[in-house]
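Spelled out, the chains give:
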Amino acid sequence: MYALTNLRTKRLLLRPFTFKDAADVLAYASDPEWSRFLPVPNPYTLYDAEEFIAKSILSSRDQEHGLAIELGGRVIGGIGLRLEQPIAVGSLHYSLAHDHWNQGLTTEAAQAVIDWGFTDFGLEKVYSWADVENVGSWRVMEKIGMTREGTFRSHGVNRGMRQDFHYYGILRSEWKALNA
């Protein structure tokens, strides 16, 4: 069992969610632009925000690490690392309030979580994916050193529409080379 963790970056605090974050989560998750590529309830309600936080709090720390992205005392998104033990692989998940897009914040948070995964959990690979139309998300993956490994066609459903996903990954050896 892993302890709850706070990660600090230049501008952000990444920390476990608390129920005090519900209003902040509702504020960003209510924006249709934020949820365009995500299979989340629409409209997004306070109940949905509280349920999301409860699941994050109750998740097994052996497998799931969901963290709030905090900037200036406000939660502006979430980021998570799901561990797939014993194969030493982790999947990265993130979302950020629309009004904070294109400021490098997601890249900053994702880099911190990738570093954490390789150093603290001994991962051999971290992967992630994004809708093929979500250019901003797959550019984040490229900026943190991930390589596009393929496209999974019709691999998801969002609001009744089939989605194609670009899958990305970074190996421990690649991460080490980038950080040498």
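Below: a short report on this structure. (Residues numbered from 1 in each chain as written. Predicted model: local features only at pLDDT ≥ 70, side-chain atom pairs only at ≥ 80, totals over all residues. Heavy atoms only, no water.)

**Some remarks on the packing of helix H1 (residues 22–29) against helix H2 (residues 46–58)**
Thought 1: Running from N to C, H1 and H2 point in directions that differ by 120°, and their axes come no closer than 9 Å. In terms of orientation, H1 lies oblique with respect to H2. The handedness of the crossing between H1 and H2 comes out as right-handed. When H1 is examined against H2, the residues Ala-22, Val-25 and Leu-26 are found in contact with a partner set consisting of Leu-46, Ala-49, Glu-50, Phe-52 and Ile-53.
Thought 2: Its residues assigned to classes, the contact of H1 with H2 comprises seven nonpolar, no polar and one charged. (Axes fitted to C-alpha atoms, helices over the stretch in contact; angles between N-to-C directions. Helix = DSSP H or I, 4+ residues; strand = E, 2+ residues; numbered from the N terminus. Parallel < 35°, antiparallel > 145°, perpendicular 65-115°, else oblique. Left-handed = near helix turned anticlockwise from the far one by under 90°. Contact = heavy atoms within 4.5 Å. Nonpolar A, V, L, I, M, F, W, Y, C, P; charged D, E, K, R; others polar.)

**Section: the sheet that holds strand S7 (residues 147–158)**
Thought 1: The mixed open sheet is built from eight strands, whose spatial order is S1-S2-S3-S4-S5-S6-S8-S7. Each end of this open sheet is capped by a strand with a single partner; those strands are strand S1 (7–8) and S7.
Thought 2: Note: strand S6 (residues 125–131) against strand S8 (residues 161–171), seven bridges, orientation antiparallel. Across the sheet, Val-126 pairs through a bridge with Ile-170, a residue of S8.
Thought 3: The sheet strands contacting H1 are strand S4 (74–84) and strand S5 (89–96), and the helix crosses S4 at an angle near 90°. (Pairing = 2+ DSSP bridges.)

**Notes on the pattern of salt bridges**
Should the charged atoms of two oppositely charged side chains come close, the side chains can pair.
Thought 1: Throughout the structure, instances matching the rule amount to seven salt bridges.
Thought 2: The salt bridge partner of Glu-124 is Arg-172, with a shortest N-O separation of 3.3 Å. Taken together, the residues Glu-124 in the loop between helix H3 (105–120) and S6 and Arg-172 in helix H5 (residues 172–178) connect sequence positions 48 residues apart.
Thought 3: Among the residues examined, Glu-124 registers a relative accessible area of 43% and is labelled partly exposed. (Salt bridge = Lys/Arg side-chain N within 4 Å of Asp/Glu carboxyl O. Buried < 20%, exposed > 50% of the residue type's maximum accessible area, 1.4 Å probe, protein only.)

**What about the environment of Lys-125?**
Thought 1: One can find Lys-125 in strand S6.
Thought 2: Taking C-alpha positions, Lys-125 is 6.8 Å from Gly-169, a pair spaced 44 residues apart along the chain.

**Considerations on the side chain of Glu-64**
Thought 1: Residue position: Glu-64 is located in strand S3 (residues 64–71).
Thought 2: Side chain to side chain, Glu-64 and Arg-82 meet in a polar contact 2.6 Å long.
Thought 3: Look past the residues within four positions of Glu-64 in its chain and what remains in contact with it is Ser-59, Leu-81 and Arg-82. (Polar contact = N/O pair within 3.5 Å; in protein donor to acceptor, adjacent residues only side chain to side chain.)

**A look at unusual backbone geometry**
Thought 1: Here Asn-42 and Pro-43 are connected by a cis peptide whose omega angle stands at 10°.
Thought 2: Backbone torsion omega between Gln-85 and Pro-86 reads 10°, so that peptide bond is classified as cis.
Thought 3: Along the chain, Pro-86 turns up in the loop between S4 and S5.
Thought 4: A positive phi is found at Ala-88, a non-glycine position, where the angle reads about 60°.
Thought 5: Residue position: Ala-88 is located in the loop between S4 and S5.
Thought 6: For Ala-88, a relative accessible area of 15% gives the class buried.

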